[in-house]
Amino acid sequence: MRFFSAIFPANNNNLQGQDSKTILKPSLRMDFNRSAWGDENNCYAYALNAPQAGWARPGNLALVKNKEYPDNLITPANIKEYLLHKDGLEEITEYEALSGRFHAIAARVAVNCDYHFYRFDELDGSWSHKHGGGIPENRDGENELITNPGTLKDHIYTEFLGYFAIPPAGILYVPRL
């Protein structure tokens, strides 16, 4: 089994509002359930299975201030850096993501524009996502069941970043709802 080196985000010295942080533990055996989600959370909160994270942004989970990024900072390298070194996620392989042993998340980027996240719903073997305040979906733009976000034909989020997991010890975040 993979060794998870990160128990909490690497930049603990940058965390603010220490008393308002919560540990988000991995959710295993997730099931696609669109009725459990509303318009007050986004794709990253959905992928993390943390509705109380609100409009979560990569790199800001444990920060009191949930800053927006200027478009020029939305690059594959930056988003991956934020996920791994600020939010404390671990990179995993596709095989591990599909194994059901991890809280698996996939990320894609529209360079200089936006990012998007998917989660593996182990109970039905599909991936699902949530566009902004919309409802979760497990189908792509061509109404096909999402079985692999890495090969997804997406005309907006063209760069696939990879697969990530919440470590067993969890990650720190600030609930926003």
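Right above here is the structure, for reference.
### A closer look at the nonpolar core
Formed by 26 residues in total, the largest nonpolar core has its most connected members in Tyr44, Leu48, Ile79, Leu83, Leu89 and Phe117. Put simply, the parts of the chain that give this core at least two residues each are helix 1 (43–48), helix 2 (76–86), strand 3 (104–110), strand 4 (114–121), strand 7 (159–165) and strand 8 (171–173). At five residues, the largest contribution of residues to this core is made by helix 1. Residue contacts for Leu89: discarding those within four places in its chain leaves Tyr44, Leu48, Leu83, Leu84, Ile105, Phe164, Ala165, Ile166, Pro167 and Ile171. Membership of the second largest hydrophobic core comes to 12 residues, among which are Ile92, Ala104, Trp127 and Tyr163.

### Looking at the packing of aromatic side chains
The way to describe two aromatic rings as a pair is by their centre distance and the angle between their planes. For the coordinates displayed, the defined rule picks out seven aromatic pairs. Summarising the aromatic geometry, the rings of Phe120 and Trp127 are spaced 5.3 Å apart at their centres and angled 50° between planes, so their arrangement reads as tilted. For the pair Phe120 and Trp127, a shared accessibility class is recorded, and that class is buried. An aromatic cluster is present here, built from Phe120, Trp127, Phe160 and Tyr163 joined pairwise through their rings. When the ring centre of Tyr46 is taken as reference, the NZ or CZ atom of Arg119 above it lies at 4.1 Å.

### Structural notes on the side chain of Ser126
For Ser126, the position within the fold is in strand 5 (residues 126–130). On the basis of relative accessibility, which here comes to 0%, the residue Ser126 falls in the buried class. A distance of 2.9 Å separates a polar atom in the side chain of Ser126 from a polar atom in the side chain of Asp124. Dropping the residues within four chain positions of it, Ser126 is found in contact with Arg119, Phe120, Asp121, Asn138, Leu145 and Ile146.

What counts as what
- Residues numbered from 1 in each chain as written.
- Predicted model: local features only at pLDDT ≥ 70, side-chain atom pairs only at ≥ 80, totals over all residues.
- Heavy atoms only, no water.
- Core = buried A, V, L, I, M, F, W, Y, C linked by side-chain atoms within 4.5 Å.
- Buried < 20%, exposed > 50% of the residue type's maximum accessible area, 1.4 Å probe, protein only.
- Helix = DSSP H or I, 4+ residues; strand = E, 2+ residues; numbered from the N terminus.
- Contact = heavy atoms within 4.5 Å.
- Phe/Tyr/Trp six-rings, centres within 6.5 Å; stacked < 30°, edge-to-face > 60°.
- Lys NZ or Arg CZ within 6 Å of the ring centre and 35° of its normal.
- Polar contact = N/O pair within 3.5 Å; in protein donor to acceptor, adjacent residues only side chain to side chain.

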